Amino acid sequence: MLQPQDQETVSLAPGLNLFPTLKPPNKTLIFHQITALVITFLAYASFHASRKPPSIVKSVLGPTFDGSKLRSNDPGWAPFNGPDGTHRLGELDLAFLTSYSVGMYFAGHVGDTIDLRLFLVFGMMGSGLFTIIFGLAYWLSVHLLGYFVGVQIFCGLFQSIGWPCVVAVLGNWFGKAKRGLIMGVWNSHTSIGNIIGSVLASGVLEFGWGWSFVLPGFLVIFVGVFVFLFLVVRPEDLGFELPGKEVELMNVEIGDKVENEEVGLLESGSSGSLQAIGFLEAWKLPRVAPFAFCLFFSKLVAYTFLYWLPFYIRHTAVAGVHLSHKTAGILSTIFDIGGVFGGILAGGISDMIEARAVTSVAFLLLSIPALVLYRAYGSLSMITNITLMFLSGLLVNGPYSLITTAVAADLGTQDLIKGNSRALATVTAIIDGTGSVGAALGPLLAGYISTRGWNSVFFMLIVSILFAGMFLIRIVKAEIREKLNEGKWHWNSITTQ
């Protein structure tokens, strides 16, 4: 089994050697924390931008129905333009997201054992290359389903490298204080990336759907070069020591002196030599499994919107008018804009009340009436469509954002594992990898169920939200009980009388 590399063997980003003024003491810890925040934000935003083209071009590739007849002026693209076109498109999503979820488990463990910067760049280059290869099918007139499925499988594997790496890097640079708010702001990269990808793909769609893949593909490669040059994985690589980490390690030392005598995990400067936690050991950590299965259903809902919302808008008249492919793609960004605010709001609230599960369940329950209203009244006018889509995006993406960032970082650096930051990528991969299985299932089901009507699709989404909330019920009870016992919530004095 691969052993974690020592701090001395991790290569420093070459950009810092090209520009020595970026090194300490010229630049402070805060400067490099902000830099890590910005670079990882750009990295994952570019990942998501390259994921968006399949949803934008769905309405171009697949069949467009007017009543029961296929429109002659919208021929589609074989093999996706037949009567089972939506099924084939759903299977294409399944190919990408299945390989993504499988790769996530392996990527997380590998990320705990090698240089995260190089591993992340490797994933970005591969993702960009295969996104471009998908688009080349337009000019090469490729109509083989196996070609598209194969490209999506490889693209999913390379994309799976991104998330464990960026979360682990961010966890290395920031302590637990205000982690929910910081990561809520940072995790807006998901929605920002979707917006950039939607605008890019929709903007060039009229020149041929191949361009909708080529441009985002080159964007990922360009950002990957920037990451290679300037990303610093850990503060220790520059000689910094995080005050927050010292406090956390000190608390562990006081709470468990015997075990710390046996395992020197808390010594100064030892974080680079920590052993990576085992995959099964990470699953057994408290609260990892419930949050992972909650994310399974939360991500099922979020990714169904990610991959099918432009198609749904294109085929659902707004104020009696069917929108164009380009307009439908751009309008779908409203959902992602709502997601930006949802992630920040959920992170801020969870920091304020110090209860991640309570925040997640509250957002999940509120998203149910939001989806019902969007389906029932979203087609009345453009204003109601935009308003309800924004609200749905805010409430759907809030818990999804919170669980994949702050919760994963909390669980990956909890005291039970002695502050072992090497566990962070593995725990992150387990949580997001499990969520990605749901992400693979959602778009596939939507492709099949949509042939029976969109009411059935929305019913599936609502049931999934209910299941997501159910997995957190025990943790919600524990959090409420803990806060009441600590007297941190205002109604404590009332309930104890």
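Note that the structure is predicted; figures quoted are calculated from it, not measured.

**Quick look at the confidence of the model for the protein chain**
Argument step 1. Chain-level pLDDT for the protein chain is 82 on average; 80% of the residues reach the 70-or-more range.
Argument step 2. Mean pLDDT values over the elements of the protein chain span from 34, in helix H12 (residues 257–262), up to 97, in helix H10 (residues 211–230).
Argument step 3. The low-confidence segment residues 492–497, where pLDDT is below 50, has four contacts with residues more than four positions distant or belonging to other chains.

**So, the packing of aromatic side chains**
Argument step 1. Here the structure, examined in full by the defined rule, presents 36 aromatic pairs.
Argument step 2. Seen in terms of ring centroids, phenylalanine 226 and phenylalanine 230 are 5.2 Å apart; in terms of plane orientation they differ by 45°. Their pairing is tilted. A residue pair is termed a helical-turn pair when its members lie 3 or 4 positions apart in one helix, as phenylalanine 226 and phenylalanine 230 do in helix H10 at four residues.
Argument step 3. Over the aromatic face of phenylalanine 31 sits the side chain of lysine 27, whose NZ or CZ is 5.0 Å from the ring centroid.

**Focus on a nonpolar patch on the surface**
Argument step 1. A surface patch of nonpolar side chains, about 600 Å² in accessible area, is lined by Leu136, Trp139, Leu140, Phe207, Trp211 and Leu215.
Argument step 2. At the level of secondary structure, the elements contributing two or more residues to the nonpolar patch comprise helix H5 (116–140) and H10.
Argument step 3. Of all the elements, H5 adds the most residues to the nonpolar patch, at three residues.
Argument step 4. Mapped onto the fold, tryptophan 139 is located in helix H5.
Argument step 5. Relative accessible area serves as the criterion here: at 39%, tryptophan 139 is assigned to the partly exposed category.

**Some thoughts on the nonpolar core**
Argument step 1. Judged by nonpolar contacts, the single largest core of 124 residues is most densely connected at Leu120, Phe148, Trp173, Trp209, Val227 and Ile313.
Argument step 2. The dominant element in this core, judged by the number of residues it contributes, is helix H14 (residues 288–315), at 19 residues.
Argument step 3. Setting aside chain neighbours within four positions, we find tryptophan 209 in contact with Val57, Val60, Leu61, Trp77, Phe134, Gly135, Ala137, Tyr138 and Phe148.

**A short note on the packing of helix H4 (residues 85–111) against helix H6 (residues 145–159)**
Argument step 1. Relative to each other, H4 and H6 sit at 30°, their axes nearing to 7 Å. Of the possible angle classes, the one that applies to H4 and H6 is roughly parallel. Seen from above, H4 lies across H6 with right-handed handedness. Seen from H4, the contacting residues are Arg88, Leu92, Ala95, Phe96, Ser99, Tyr100 and Gly103; seen from H6, they are Leu145, Phe148, Val149, Gln152, Ile153, Cys155, Gly156, Leu157 and Gln159.
Argument step 2. Class assignment for the residues of the contact of H4 with H6 results in 10 nonpolar, five polar and one charged.

**Side note on the environment of glycine 146**
Argument step 1. Positionally, glycine 146 belongs in helix H6.
Argument step 2. By relative accessible area, glycine 146 is classed as exposed at 53%.
Argument step 3. The spacing of glycine 146 and leucine 92 is 54 residues in sequence and 9.7 Å in space, taken between C-alpha atoms.

**Notes on H14**
Argument step 1. The first and last C-alpha atoms of H14 sit 39 Å apart over 28 residues, in line with the 40 Å expected at 1.5 Å per residue.
Argument step 2. Largest kink in H14: about 55°, centred on tryptophan 308, with the proline proline 310 one to four residues after it.
Argument step 3. With respect to burial, H14 is a largely interior element, 24 of its 28 residues being buried.

About the cut-offs
Residues numbered from 1 in each chain as written. Predicted model: local features only at pLDDT ≥ 70, side-chain atom pairs only at ≥ 80, totals over all residues. Heavy atoms only, no water. pLDDT = per-residue confidence, 0-100. Helix = DSSP H or I, 4+ residues; strand = E, 2+ residues; numbered from the N terminus. Contact = heavy atoms within 4.5 Å. Phe/Tyr/Trp six-rings, centres within 6.5 Å; stacked < 30°, edge-to-face > 60°. Lys NZ or Arg CZ within 6 Å of the ring centre and 35° of its normal. Patch = residues over 30% accessible without salt bridge, like charges linked within 9 Å, V, L, I, M, F, W, Y side chains within 5 Å. Areas by Shrake-Rupley, 256 points an atom, 1.4 Å probe, with all protein chains shown as cover. Salt bridge = Lys/Arg side-chain N within 4 Å of Asp/Glu carboxyl O. Buried < 20%, exposed > 50% of the residue type's maximum accessible area, 1.4 Å probe, protein only. Core = buried A, V, L, I, M, F, W, Y, C linked by side-chain atoms within 4.5 Å. Axes fitted to C-alpha atoms, helices over the stretch in contact; angles between N-to-C directions. Parallel < 35°, antiparallel > 145°, perpendicular 65-115°, else oblique. Left-handed = near helix turned anticlockwise from the far one by under 90°. Nonpolar A, V, L, I, M, F, W, Y, C, P; charged D, E, K, R; others polar. Expected span 1.5 Å × (residues − 1). Bend = angle between axes of the 7 residues up to and from the residue.

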